[in-house]
Amino acid sequence: MNTNPVRRAVYAGSFDPPTLGHVWMIREAQALFDELIVAVGVNPEKQNTYTIEERQAMLEAVTAEFPNVKITVFENRFLVHYARQVEARFIVRGIRTAADYEYERSMRYINSDLAPEISTVFLMPPREIAEVSSTMVKGLIGPDGWREMIKPYLPDDVYQKILHDHTQGI
């Protein structure tokens, strides 16, 4: 009889759009855990470029190779409460900068106060993608040459969607 509990983790973000940094995090995290839930967070205070359905579809496309990854959506709740609801014992967070570290360190302590049974695991992406963010990619779109500028930072499925959307005038 197997008495080892499933090592389930949650990796959450807005993923607006998913970048190679997100894919790196997902690849690393899914290798560490039996199950990885990639949770698209809905923040009503934030103006998103892509709908929740589009972000979910992009993530499903870029994670198709990982059978232990599930894409979900959560809204109007703290991540640690969502992790408890899905019976995840781990939250995965990325650290790119000192500012990320300070913020994530504080959140880790707050989450521990709320749910001491849930651990936070920090991953640090390699230097070549450490500065990649959805905000940075969206900020590059528009000026001449933007298509070549964003390509190195995005999974191909996401890149093709952005090209298509901008060709259609979306």
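Residues numbered from 1 in each chain as written. Predicted model: local features only at pLDDT ≥ 70, side-chain atom pairs only at ≥ 80, totals over all residues. Heavy atoms only, no water.

Colleague: Can you lay out the UniProt feature "binding site: substrate" (unreviewed entry) in the protein chain for me, pointing to particular residues and giving the numbers?
Modeller: UniProt records the feature "binding site: substrate" (unreviewed entry) at S14, K46, L79 and R93, using the numbering of this structure. Here, the largest pocket is lined by S14, K46, L79 and R93 out of the annotated residues. With respect to the element layout, L79 can be found in helix 3 (residues 79-85). We classify L79 as buried; its relative accessible area is 16%. Setting aside its immediate chain neighbours within four residues, L79 contacts V10, A12, F74, I91 and R93. (UniProt positions renumbered as here; feature names shortened; annotations may be inferred. 1 Å grid on protein atoms, 1.4 Å probe; cavity = no way out; pocket = protein on both sides within 12 Å on 5 of 7 lines; lining within 4 Å. Helix = DSSP H or I, 4+ residues; strand = E, 2+ residues; numbered from the N terminus. Buried < 20%, exposed > 50% of the residue type's maximum accessible area, 1.4 Å probe, protein only. Contact = heavy atoms within 4.5 Å.)

Colleague: Before we move on, can you summarise the nonpolar core with the specific residues and values?
Modeller: One finds I26, L36, V38, L59 and V92 to be the most contacted residues of the largest nonpolar core, which totals 33 residues. The leading source of residues in this core is helix 1 (residues 20-32), at five residues. Residues contacting L36, with those up to four places away along its chain left out, are A9, V10, Y11, I26, A29, Q30, N68, V69, K70 and V92. Among the nonpolar cores identified, the runner-up in size contains 14 residues, and L79, A83, A115 and I118 belong to it. (Core = buried A, V, L, I, M, F, W, Y, C linked by side-chain atoms within 4.5 Å.)

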